Amino acid sequence: MNSLTDNIKNWAKDTAGKVKQRLEDHAAYSKMKVEEVAEMVLNHESTEHKRHEYVGVVLHDYHLRLGDTDLILETKGDKELYILECKVIQRGYLIGEFQSWDKRKNVLDSMRVPAFIKERD
């Protein structure tokens, strides 16, 4: 009988730990529209920018590091920028992504970002 009780206690403790971790993870992240993330990257003074031209197409790569988070933006065009790709990478893990070639996604869709980035907005 002690074995059954111990198993139930361990299961309850493990489940409570998992719930607590999920709540902490949820609180640590927020959502922003892709175009809002792109605008923040484009307008931040610490953003690194590289311009490339291939076969007459102008491409721009932007990189912004905020704490342990990298925001990566790729656009095309010179006057009016078209968002090709936007990624949010935290501690080496991809947590949010937009790719223009994925027809299920739109720049008005929300993507996952660390909460501290949303608070900066």
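In case you missed it, the structure is sitting above this.
(A) Looking closely at the pairing of strand 6 (residues 93-99). Sheet analysis places strand 5 (residues 82-90) next to strand 6, joined by six bridges and oriented antiparallel. The residue bridging V88 from the neighbouring strand is G96, located in strand 6. What sits between strand 5 and strand 6 in their antiparallel hairpin is a turn of two residues, with R91 showing a positive phi close to 50°.

(B) Layout of the sheet that holds strand 3 (residues 57-66). Here we have five strands laid out as an open sheet, ordered 2-3-4-5-6, and antiparallel in their pairing. Every interior strand has two partners, whereas the edge strands, strand 2 (48-54) and strand 6, have only one. In this sheet, adjacent strand axes meet at a mean angle of 15° when their direction is disregarded. Pairing of strand 2 with strand 3 involves seven bridges; the strand directions are antiparallel. Residue pairing for strand 3: E48 is matched across the bridge by H63.

(C) Geometry of the pattern of salt bridges. Throughout the structure, instances matching the rule amount to six salt bridges. Of the charged contacts, one joins D78 and R51 as a salt bridge, the two residues approaching to 3.2 Å between their closest N and O atoms. Of this pair, D78 sits in the loop between strand 4 (69-76) and strand 5 while R51 sits in strand 2; the two residues are 27 residues apart in sequence, bridging distant segments of the chain. Given the relative accessible area of 47%, D78 is considered partly exposed. Under the relative-accessibility criterion, R51 is labelled partly exposed at 43%. For the salt bridge of D70 with R65, the shortest nitrogen-to-oxygen distance reads 2.6 Å. Among the residues examined, D70 registers a relative accessible area of 15% and is labelled buried. Among the charged side chains, a network of salt bridges with common partners joins R51, E53 and D78.

Quick notes on the rules
- Residues numbered from 1 in each chain as written.
- Predicted model: local features only at pLDDT ≥ 70, side-chain atom pairs only at ≥ 80, totals over all residues.
- Heavy atoms only, no water.
- Pairing = 2+ DSSP bridges.
- Helix = DSSP H or I, 4+ residues; strand = E, 2+ residues; numbered from the N terminus.
- Axes fitted to C-alpha atoms, helices over the stretch in contact; angles between N-to-C directions.
- Salt bridge = Lys/Arg side-chain N within 4 Å of Asp/Glu carboxyl O.
- Buried < 20%, exposed > 50% of the residue type's maximum accessible area, 1.4 Å probe, protein only.

Nothing here speaks to function; it is geometry throughout.
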